[in-house]
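# Descriptive structure summary
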Amino acid sequence: MKVYLNGTLVDKKDAKISVFDHGYLYGDGVFEGIRSYGCLVFKLKEHIDRLFESAHSIMMGMPLTRKEMTDAVIKTLKANNLQDGYIRIVVSRGPGDLGLDPRKCKDKATVVIIVDTIALYPKKLYEKGMEIITVPTVRNIPEALNPQIKSLNYLNNILAKIEAVNAGYAEALMLDHLGYVAECTGDNIFLVKNDELYTPPQCMGTLRGITREAVLNIATKLKIPAHEHVITRHELYIGDECFLTGTAAEIVPVVKVDGRLIGEGKPGKLTRKIMAEFGKLTKTAGIKYKL
Ligand code: PXG
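About the criteria used
- Residues numbered from 1 in each chain as written.
- Predicted model: local features only at pLDDT ≥ 70, side-chain atom pairs only at ≥ 80, totals over all residues.
- Heavy atoms only, no water.
- Near = heavy atom within 4 Å.
- Polar contact = N/O pair within 3.5 Å; in protein donor to acceptor, adjacent residues only side chain to side chain.
- 1 Å grid on protein atoms, 1.4 Å probe; cavity = no way out; pocket = protein on both sides within 12 Å on 5 of 7 lines; lining within 4 Å.
- Sits in = over half its atoms within 2 Å of the grid points.
- Helix = DSSP H or I, 4+ residues; strand = E, 2+ residues; numbered from the N terminus.
- Nonpolar A, V, L, I, M, F, W, Y, C, P; charged D, E, K, R; others polar.
- Domains from an automatic or database assignment.
- Points joined across faces, edges and corners; volume = space filled by probe spheres on them.

The next point concerns the site of the ligand. Neighbouring residues of the ligand: 22 residues in total, closest Y154, E183, I210, T211 and T247. Within the contact set of the ligand, a nitrogen atom lies 3.0 Å away from a backbone nitrogen or oxygen of G186. Contact between the ligand and I210: an oxygen atom at 2.7 Å from a main-chain N or O atom of the residue. Put simply, the ligand lies in the largest pocket. Looking at the shell around the ligand, the elements that each hand over two or more residues are β5 (85–92), α6 (210–221) and β13 (241–246). Looking at the shell around the ligand, its residues break down into 7 nonpolar, 9 polar and 6 charged. A domain split of the shell around the ligand shows at least three residues from each of domain 1 (2–116) and domain 2 (123–281).

Considered as a void within the structure, the largest pocket measures approximately 560 Å³ in volume. K150, T185, G186, D187 and A248 are, among the 30 residues lining the largest pocket, the residues nearest its centre. Of all elements in the fold, only β3 (29–36), α2 (44–57), β5, α5 (155–166), β9 (181–184), α6 and β13 reach the threshold of two or more residues within the lining of the largest pocket. With 3 residues, α5 is the single largest residue contributor to the lining of the largest pocket. Of the residues belonging to the lining of the largest pocket, the class tally is 11 nonpolar, 11 polar and 8 charged. Mapped onto the domain boundaries, the lining of the largest pocket takes at least three residues apiece from domain 1 (2–116) and domain 2 (123–281). Of the volumes computed, that of the second largest pocket is approximately 330 Å³. Taken together, 16 residues form the lining of the second largest pocket, with Y126, E250, I251, M275 and F278 sitting closest to its centre.

Printed below as a string of structure tokens:
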């Protein structure tokens, strides 16, 4: 496997960065998780834009332009001869000293691109649906660390994941600081009620998910009314359908929340329709490359 590291493609065993990199010392950096489907990088422009927005927000200069970053992703995919892959871009503050001050990181930010394959959940889960549980750890409040910054500091989500796993569940439902439904540890959440879609608004402690955005666009295309609205746990419990969206997980039906069956307890009609439409979209919406 070849890994992109600061402009060069190196073997996996040589892909090493300094222990003084503030990405390692403090989680000071940003990242993106992207998928390619049959030599098409799904929504690459949107992912690159979000990466640059995250970097801008934490005042980290990017050593590459958006175009150069796009080309670097394609180059890494080609070098690994990968048609269908999972791409991880990690940009960290770079090496500094043992203090928080990012001005001490004199080098350019460190850029790493890893491409690999990924199957987050077994196929059966997509057919039968997932059970999730609300966890005690609330999502970071936007005033402290805005969840829209896709930072390298994912402890908030990891703590939630640990709580779900300890309780015997694969995924955690995280609430925001006001107690409303926020998102899961690496996925946005949707609810279907009376043939209409609902998802929490972005300002309430959720990531502006690119899959979420794609689903909202699919809803418009299919003439399904969709609302960005605060959601309580009760509303989720009495929903007809529920599903999660994320680059890694794609679209996962949820059939039980906190022990309550959602609808009939199996992947719903609208969920399946949106999953099928999303499958079509992954073949068209993105940047193509040749191996
Ligand atoms: N919420 C959070 C907190 C995320 O990290 C999403 C929603 C979905 O966004 P996209 O743009 O992918 O539709 C994410 C992104 C993993 C993993 O291993 C998942 C993400 C990021 C990193 C790792 O499951 N999801």
